[in-house]
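Structural characterization, general
Each chain, letter by letter, is given below.
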Amino acid sequence: MKKSIGRTIPSSDSLIIFDACVRTMNFTQAGHALGLTQSAISRQILDLEQFLNVSLFERSGRHLSLTSSGKAYWEKIVPLLDELEAVTVRTQMRHTLRHSLNLSVAGSFCNRWLIPNLPHFLKEHPGILVNVTSRVGPIDISRSEFNAAIINSPTRPPGASTMRLFSLRLCAFGAPALLPKSKKLNAAQIAALPLLHLKEMPDAWNEYLAAMGSRHAKVEAASYYSLLLLSCEAALAGLGIALLPPEFVVEDVKAGRLVQLSGTTIMTKFSYWLAWQSTEEDSQALAAFRTWLATRCGEAK
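Let me sum up the structure you'll find in this document. (Residues numbered from 1 in each chain as written. Predicted model: local features only at pLDDT ≥ 70, side-chain atom pairs only at ≥ 80, totals over all residues. Heavy atoms only, no water.)

**Here's the deal with the packing of helix α1 (residues 12-24) against helix α2 (residues 27-34)**
Working note: a packed helix pair is described by the angle between its axes plus the distance between those axes. Note the cut-off: Axis definition: a line fit to C-alpha positions, over the contact stretch in the case of helices; interaxial angles, taken between N-to-C directions, run 0 to 180 degrees. Numbering of helices and strands runs from the N terminus, with a helix taken as a DSSP run of H or I at least four residues long and a strand as a DSSP run of E at least two residues long. Any angle between 65 and 115 degrees counts as roughly perpendicular, while under 35 counts as roughly parallel, over 145 as roughly antiparallel, and the rest as oblique. By definition, turning the near helix anticlockwise from the far helix through less than a right angle yields a left-handed crossing, and turning it clockwise yields a right-handed one. By definition in these notes, contact holds between two residues if any of their heavy atoms fall within 4.5 Å. Residue polarity follows a fixed list, in which Ala, Val, Leu, Ile, Met, Phe, Trp, Tyr, Cys and Pro are nonpolar, Asp, Glu, Lys and Arg are charged, and the others, Gly among them, are polar.
Between α1 and α2, the shortest axis-to-axis distance is 8 Å and the interhelical angle comes to 125°. Classified by the interaxial angle, the pair formed by α1 and α2 is oblique. Read as a crossing pair, α1 and α2 show a hand that is right-handed. In this structure, α1 uses I16, I17, A20, C21 and T24 to contact α2, whose residues at the interface are F27, Q29, A30 and L34. When its residues are assigned to classes, the contact of α1 with α2 shows 7 nonpolar, 2 polar and no charged.

Have a look at this one:
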């Protein structure tokens, strides 16, 4: 039988097989549980008995029972096997945790930017596991279970290390079926279309039309949406014209699902930030994610 190099102990395989035999009291059943034949199980037990120089089982036909030596030995090795397995799993988990990232992500950014772009990161870093939780509202990263968070905020998030990803700017987009044939529309033409409003930025359409040079265009009352994500989905469904971050609709514009109505862009007071706990400064996974975000968001600007 195989034994441990430099140690007077049997191989772990022999001990695992012995444990299975004790639990089933049947070599055939133990073999089924471990994917081995009955003869292989019998041979391993005989080798272990020869190594220990004791009989572990009493055999009476097909009936098995432990000898007193076998019972004493099994009771001693089972806790050792359990502890060895636990230590091994903990070590594996530490390796996994060093290469994993638990992220809280602002809801609209999560659906409209991160998830579509995340395959690029995973392709570049196949050994990193990214766990994503979509969130609406503020988060105190220092008191959370997350390694990092992507936050929509008008100011730098306090109490954490941060990196600004990009400022939130808005352009007018609509489904082709809602639009006249002319590619670019003036302020009056846009104001005459059904406009979708954002609850957090109720004056955004007035600001947008003013930026187009029309301070007197009448903005009709229309549907309000609480999230950029919802406003985007409403625009895709043809419910109206939405003010959206161009970074969120790149693929929709390429595919012709949305059309940008004019070249006008307005800046909001908000930005998207990556924030992380100071204890995560040495995280290889976070460092790789920060570098990728800086490059990817730079390309999106």
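Next comes the rest of the description.
**A short note on the state of the cysteines**
Throughout this description, disulfide means a covalent bond between two cysteine sulfur atoms. Convention followed: Pairs of cysteine sulfur atoms within 2.5 Å are identified as disulfides in what follows.
Tallied over the entire structure, the rule returns 0 disulfides. Residue C297 stays outside any disulfide, its sulfur separated by 13 Å from that of C110, the closest cysteine.

**Considerations on the pattern of salt bridges**
A pair can form between side chains of opposite charge whenever their charged atoms are brought close. The cut-off we apply is this: Put simply, a salt bridge is a Lys or Arg side-chain nitrogen that is within 4 Å of an Asp or Glu carboxyl oxygen.
Enumeration according to the criterion identifies 8 salt bridges in this entry. One salt bridge in this structure joins D19 and R23, with 2.9 Å as the shortest N-O distance. One end of the pair, D19, and the other, R23, are both in helix α1, 4 residues apart, so they sit about a helical turn from each other. Residues participating in the shared-partner salt-bridge network are R112, E233, D252 and R257.

**Structural notes on the environment of F109**
Operational definition: Burial status follows relative accessibility: with a 1.4 Å probe on protein chains alone, a residue under 20% of its type maximum counts as buried, one over 50% as exposed, and anything between as partly exposed.
Assignment of secondary structure puts F109 in helix α5 (residues 107-124). Given a relative accessible area of 0%, F109 falls into the buried group. For the pair F109 and A160, spaced 51 residues apart in sequence, the C-alpha separation works out to 20 Å. In this view, F109 contacts L114, I150, L165, F166, F248 and Y272; residues no more than four positions away in its chain are not counted.

**What about the packing of aromatic side chains?**
For the record, the criterion: Each aromatic pair joins two rings of Phe, Tyr and Trp (for Trp, the six-membered one) with centres within 6.5 Å, and gets the label stacked for planes under 30 degrees apart, edge-to-face for over 60, and tilted for any other angle. Cation placement over rings: the criterion is NZ of Lys or CZ of Arg within 6 Å of the ring centroid and within 35° of the ring normal.
What the rule picks out here adds up to 14 aromatic pairs. Aromatic side chains F18 and F57 sit 5.8 Å apart centroid to centroid with 75° between the ring planes, which places their arrangement in the edge-to-face category. Residue F18 is located in helix α1, and its partner F57 is located in strand β1 (residues 57-60); the two are separated by 39 residues in the primary sequence. A relative accessible area of 3% places F57 in the buried class. An aromatic cluster of at least three residues, connected via ring pairs, comprises F109, W113, F121, F166, F248, Y272, F289 and W292. One residue, R290, lies across the ring of W276, its end atom 4.5 Å from the ring centre.

**Section: the packing of α2 against helix α3 (residues 38-52)**
Direction vectors running N to C along α2 and α3 enclose 105°, while the axes themselves pass 8 Å from each other. Looking at the two axes, α2 sits roughly perpendicular to α3. For the pair formed by α2 and α3, the contact residues are F27, T28, A30, G31 and L34 on the first element and Q38, I41, S42 and I45 on the second. Taken together, the residues of the contact of α2 with α3 break down into 5 nonpolar, 4 polar and no charged.

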